Amino acid sequence: MHSGEIRQKFLSFFEKRGHKVVSSASVVPANDPSVLFTTAGMQQFKPYYIGGADAVKDFGSLNLASSQKCVRTSDIEEVGDKSHLTFFEMLGNFSFGGYWKKEAIEWAHEFITKELGLTIDYVSIFAGEVNVPEDKESEEIWKSIDPEITIKKFGRADNFWGPTGEEGPCGPTTEIYVDGIEVWNIVFNEYYQNKDGGLTSLKVRGIDTGMGLERLVKVVQQTDSVFETDMFESLIQITDSRIVADHIRTSVFMISDGVIPSNTDRGYILRRLLRRAYVHARKIEAGTEVLNSVAAAVINHPSYRNLYSFAANTKEVVMGEIEKFKKALDAGLKQVEKGEDPFILFTSYGLPLEIIEEVTTVDKEKFERQMEEHKKMSSVAGEQKFSAKVGGSANPEGGKN
Ligand code: SER
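Caption draft 1: Seen up close, the overall build of the protein. Along the protein, the regular secondary structure elements total 16 helices and 9 strands. Over its C-alpha trace the protein gives a radius of gyration of 22 Å, about what one expects of a compact globule, namely 21 Å for 401 residues. For the protein, the spread of C-alpha atoms along the three principal axes comes to 70 × 45 × 40 Å. When each of the 401 residues of the protein is scored for burial, the buried share is 55%. Taking the contacts inside the protein whose residues are at least 6 apart along the sequence as the reference set, 67% of them involve residues at least 24 apart. Across the protein, 47 positive and 60 negative side-chain charges occur, with their mean positions spaced 3 Å apart.

As structure tokens, then:
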């Protein structure tokens, strides 16, 4: 089954069950300053969960379904393994008081086992923690569907989702595992979490489900990793580097939604992805034209026709940034070859340690000591903020994978 068919099957399945299919929102959230990128399908629907907007008025239905473009870079170090990506599509069905656990679980089970013909390894439910009780209702529903099913129970770290950013709707989850991978996360939005972490009950209970399309396609197509699915085929034909394929793909989607490389916020994340892609291409002795070809392959992918309209601009932004970076890196490395301390790659060229380590030999402890010194000496607050981000400790996006 082709990925396009799987996506369509999901949307049609829920359309037939009373859902209005809604287009993906931009990867740049329209009205949510609490996060830099759209990290989940529910994000564009946040106001409907908390009673701030009327879904019937806006969409003609309390129940919606979508395939949402998402960006999450908090697990960037894992990219290249079998299933982590910085950009992915999230299939989701949502309800704002229209239906509750029984329908959500029964439909998920039906879609996975009947529509896709997959076997569920096990499911997990919320075990109960502090002031949120164990989810006995979901346990009963799963048992009524399949008395043999394995049900595991976990606490807040695993089976409770949200909010995205500092506050918002959240709740216990039930998750479906196939071939050892969590494919579907079904969230029962019953609570609103305040900035101080306190929970209050939402007036209307909501359903928010999320299923990463790339992982689902991997499971359906029985490939070893997401990179062998049809979603990555044309990219991996150009380069074996999964990091290059992933990072350029994410960059293309960011740029087509209006992000430009810079030293702050979204622009910095884009810059970091493009630089990382270049450094990895360089490591395997691939020229910059490979990055251009991968960008073209993303743009030409049959699933993403709407990227065409931005094609020229996107490629220009990708290549402009990479050429600029290449020049700076070459100049910096030349200085290091001549005997300068690799720390100048940070002070003069703004390169983070993770990239410097890829391009030259660094004494990590010494580098970190130099970094401490540098921070102490720097009296400019803005610069301190930048170096904290360069250190990779910031996770400004929120959301968990
Ligand atoms: N919001 C949940 C997630 O991102 C389910 O859609 O996993």
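Let's pick the thread back up.
Caption draft 2: Representation of the site of the ligand within the structure. Neighbouring residues of the ligand: A40, M42, R72, M90, W161, N185, V187, D208, T209 and G210. Contact between the ligand and D208: an oxygen atom at 2.7 Å from a side-chain N or O atom of the residue. Here G210 contributes a backbone N or O atom positioned 3.1 Å from an oxygen atom of the ligand. For the ligand, whose free accessible area comes to 230 Å², the fraction covered by protein is 96%. Where the shell around the ligand is concerned, the elements lending two or more residues are β8 (181–193) and β9 (199–212). Sorting elements by how many residues they give to the shell around the ligand places β9 first, with 3 residues.

Caption draft 3: Local environment of the packing of helix α4 (residues 101–115) against helix α5 (residues 136–145). The geometry of α4 relative to α5 is characterised by a closest axis approach of 10 Å and an angle of 40° between their N-to-C directions. Judged on the interaxial angle alone, α5 and α4 are oblique. For α4 against α5, the interelement crossing comes out right-handed. Counting all contacts with α4, which are made through K101, K102, I105, E106 and H109, the residues of α5 involved are E137, S138, I141, W142 and I145. The residue inventory of the contact of α4 with α5, partitioned by class, reads 4 nonpolar, 2 polar and 4 charged.

Caption draft 4: Structural view of the pattern of salt bridges. A full pass over the atoms with the stated rule returns 27 salt bridges. Across the pair E77 and R276 runs a salt bridge, and its minimum N-O distance is 3.4 Å. Separated by 199 residues along the polypeptide, E77 in the loop between β2 (63–71) and β3 (87–96) and R276 in helix α10 (residues 265–283) bring together distant segments of the chain. Residue R276 is classed as buried on the basis of its relative accessible area, which comes to 7%. One salt bridge connects D224 with K82, and the closest N-O pair in it is separated by 2.7 Å. You can see D224 sitting in the loop between α7 (213–221) and α8 (233–236) and its partner K82 sitting in the loop between β2 and β3, a full 142 residues away along the chain.

Caption draft 5: Structural detail: unusual backbone geometry. With omega at -5°, the peptide bond leading from G162 into P163 counts as cis. By the element assignment, P163 lies in the loop between β6 (160–161) and β7 (168–178).

Caption draft 6: Representation of helix α15 (residues 364–377) in the model. In a regular helix each residue adds 1.5 Å, so 14 residues correspond to 20 Å; α15 covers 20 Å between its end C-alpha atoms and thus fits that length. Of all the residues in α15, the buried ones are F367, Q370, M371 and H374. End-on view of α15: buried residues confined to an arc of 105°, all on one side of the axis. Seen from the buried face of α15, the exposed residues on the opposite side, beyond 90 degrees, are E365, R369 and K376. Sitting at the head of α15, D363 places a side-chain oxygen 3.3 Å from the backbone nitrogen of E365.

Conventions used here
- Residues numbered from 1 in each chain as written.
- Predicted model: local features only at pLDDT ≥ 70, side-chain atom pairs only at ≥ 80, totals over all residues.
- Heavy atoms only, no water.
- Helix = DSSP H or I, 4+ residues; strand = E, 2+ residues; numbered from the N terminus.
- Rg over C-alpha atoms; globule rule 2.2 N^0.38 Å.
- Buried < 20%, exposed > 50% of the residue type's maximum accessible area, 1.4 Å probe, protein only.
- Contact = heavy atoms within 4.5 Å.
- Lys, Arg positive; Asp, Glu negative; His and termini not counted.
- Charge placed at Lys NZ, Arg CZ, Asp CG, Glu CD.
- Near = heavy atom within 4 Å.
- Polar contact = N/O pair within 3.5 Å; in protein donor to acceptor, adjacent residues only side chain to side chain.
- Areas by Shrake-Rupley, 256 points an atom, 1.4 Å probe, with all protein chains shown as cover.
- Axes fitted to C-alpha atoms, helices over the stretch in contact; angles between N-to-C directions.
- Parallel < 35°, antiparallel > 145°, perpendicular 65-115°, else oblique.
- Left-handed = near helix turned anticlockwise from the far one by under 90°.
- Nonpolar A, V, L, I, M, F, W, Y, C, P; charged D, E, K, R; others polar.
- Salt bridge = Lys/Arg side-chain N within 4 Å of Asp/Glu carboxyl O.
- Expected span 1.5 Å × (residues − 1).
- Arc of directions from axis to C-beta.

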